[in-house]
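# Overview (structure and organization)
Residue-level listing of the chains:
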Amino acid sequence: LDVRTITMGISLLDCCASDGKTLCNNIYDKITKYGEHLVETGEAISREYGVPIINKRVSVTPISLVAGASDLTSYVDIARTLDKAAKEIGINFIGGFSALVQKGYTESDKILIDSIPEALAVTERVCASVNIGTSRNGLNMDAVKKMGEIIVETAERTKDNECIGCAKLVVFCNAP
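To start, this report covers the structure provided alongside it. (Residues numbered from 1 in each chain as written. Predicted model: local features only at pLDDT ≥ 70, side-chain atom pairs only at ≥ 80, totals over all residues. Heavy atoms only, no water.)

## Notes on a nonpolar patch on the surface
On the surface, Leu 13, Leu 65 and Leu 100 cluster together into a nonpolar patch covering about 270 Å² of accessible area. One can find Leu 13 in the loop between strand 1 (3-10) and helix 1 (20-34). (Patch = residues over 30% accessible without salt bridge, like charges linked within 9 Å, V, L, I, M, F, W, Y side chains within 5 Å. Areas by Shrake-Rupley, 256 points an atom, 1.4 Å probe, with all protein chains shown as cover. Salt bridge = Lys/Arg side-chain N within 4 Å of Asp/Glu carboxyl O. Helix = DSSP H or I, 4+ residues; strand = E, 2+ residues; numbered from the N terminus.)

Structure representation (structure tokens):
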């Protein structure tokens, strides 16, 4: 018996900035401040109950929402910032390099999606996701096509590392 993952959710909405460097600094500072005790808390719980906790994870506000007001034309630097913060606090994964495009694309969604292959190739702990549909809205077929292309490009960019980028990418419907 084990606990597969514990996850801390961190809202990054108050990190928004028009300057990309400021945005990345705000994101790093918030994650490292709020997540600094996650691993030790997980280990303490594991010891207290005698049940191993395999992964410690942070999930953040979808980056396409946080970065939309920034001057960035690629979100790879944000992915690097997320990865750096994840390493600093000692977690296994950080999720939230994400977009919600079930109702259509914003410019920020397009930038994030185009950044996914490189972002997953240059980071170790960052996980990405794109919600392409809902029961209510149906499927965004443009997003279905685009994400097929993104999956292939991500596999190509990480082919020397067992295509690990694709294992850190989720395309789904009905975001929770």
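## Re the environment of Ser 70
Mapping Ser 70 onto the fold places it in the loop between helix 3 (63-66) and helix 4 (76-89). We classify Ser 70 as buried; its relative accessible area is 13%. Spatially, the C-alpha atoms of Ser 70 and Ser 108 are 9.0 Å apart, while their sequence positions differ by 38 residues. Excluding residues that lie within four positions of it along the chain, Ser 70 makes contacts with Ala 17, Ser 18, Leu 23 and Tyr 75. For Ser 70, the side chain forms a polar contact with the main-chain oxygen of Ala 67, separated by 2.8 Å. Here Leu 72 takes part through its backbone nitrogen, which lies 3.4 Å from a polar atom of the side chain of Ser 70. (Buried < 20%, exposed > 50% of the residue type's maximum accessible area, 1.4 Å probe, protein only. Contact = heavy atoms within 4.5 Å. Polar contact = N/O pair within 3.5 Å; in protein donor to acceptor, adjacent residues only side chain to side chain.)

## Overview of the packing of helix 5 (residues 107-122) against helix 6 (residues 141-157)
Remark: helix 5 packs on helix 6, axes separated minimally by 9 Å, with the N-to-C direction vectors making an angle of 20°. Between helix 5 and helix 6, the angle is such that the two are roughly parallel. Considering only the axes of helix 5 and helix 6, their crossing is right-handed. Here Ile 113, Asp 114, Ile 116, Pro 117, Glu 118, Leu 120 and Ala 121 of helix 5 lie close against helix 6, whose contacting residues are Lys 146, Met 147, Ile 150, Glu 153, Thr 154 and Arg 157. Tallied by class, the residues present in the contact of helix 5 with helix 6 amount to seven nonpolar, one polar and five charged. (Axes fitted to C-alpha atoms, helices over the stretch in contact; angles between N-to-C directions. Parallel < 35°, antiparallel > 145°, perpendicular 65-115°, else oblique. Left-handed = near helix turned anticlockwise from the far one by under 90°. Nonpolar A, V, L, I, M, F, W, Y, C, P; charged D, E, K, R; others polar.)

## A few points about the nonpolar core
Core analysis: the largest hydrophobic core is formed by 42 residues, its most contacted members being Ile 27, Ile 63, Ile 78, Leu 82, Phe 97 and Ile 116. Apart from residues lying up to four places away in sequence, Ile 116 is in contact with Phe 97, Ala 128, Val 130, Met 147, Ile 150, Thr 154 and Leu 169. (Core = buried A, V, L, I, M, F, W, Y, C linked by side-chain atoms within 4.5 Å.)

## Digging into the environment of Gly 50
Note that Gly 50 resides in the loop between helix 2 (38-49) and strand 2 (53-60). Gly 50 gets classed as exposed once you look at its relative accessible area, which sits at 59%. Spatially, the C-alpha atom of Gly 50 lies 9.1 Å from that of Asp 2, the residues being 48 residues apart in sequence.

## Side note on the packing of aromatic side chains
With the rule as written, the count across this model stands at zero aromatic pairs. The cationic tip of Lys 84 hangs over the ring face of Tyr 28; the distance from NZ or CZ to the ring centre is 5.0 Å. (Phe/Tyr/Trp six-rings, centres within 6.5 Å; stacked < 30°, edge-to-face > 60°. Lys NZ or Arg CZ within 6 Å of the ring centre and 35° of its normal.)

## Structural notes on the pattern of salt bridges
Counted by the stated rule, this structure contains nine salt bridges. The network of salt bridges with common partners includes Asp 83, Lys 87 and Glu 124.

## Looking at the side chain of Ser 108
Within the fold, Ser 108 resides in helix 5. Once residues lying within four places of it in the same chain are set aside, the contact partners of Ser 108 are Ser 64, Ala 67, Gly 68 and Tyr 75.

## Regarding helix 6
Relative to the 24 Å expected for 17 residues at 1.5 Å per residue, helix 6 spans 24 Å between its end C-alpha atoms, a close match to the ideal helical length. Within the sequence span of helix 6, burial applies to Ala 143, Met 147, Ile 150 and Thr 154. Down the axis of helix 6, the sector holding all buried residues measures 60°, keeping them to one side. Away from the buried face of helix 6 by more than 90 degrees, exposed residues Met 141, Lys 145 and Val 152 are located. Along its buried surface, helix 6 packs onto helix 5, strand 4 (126-134), helix 7 (164-167) and strand 6 (169-173). The N-terminus of helix 6 is capped by Asn 140, whose side-chain oxygen sits 3.1 Å from the backbone nitrogen of Asp 142. (Expected span 1.5 Å × (residues − 1). Arc of directions from axis to C-beta.)

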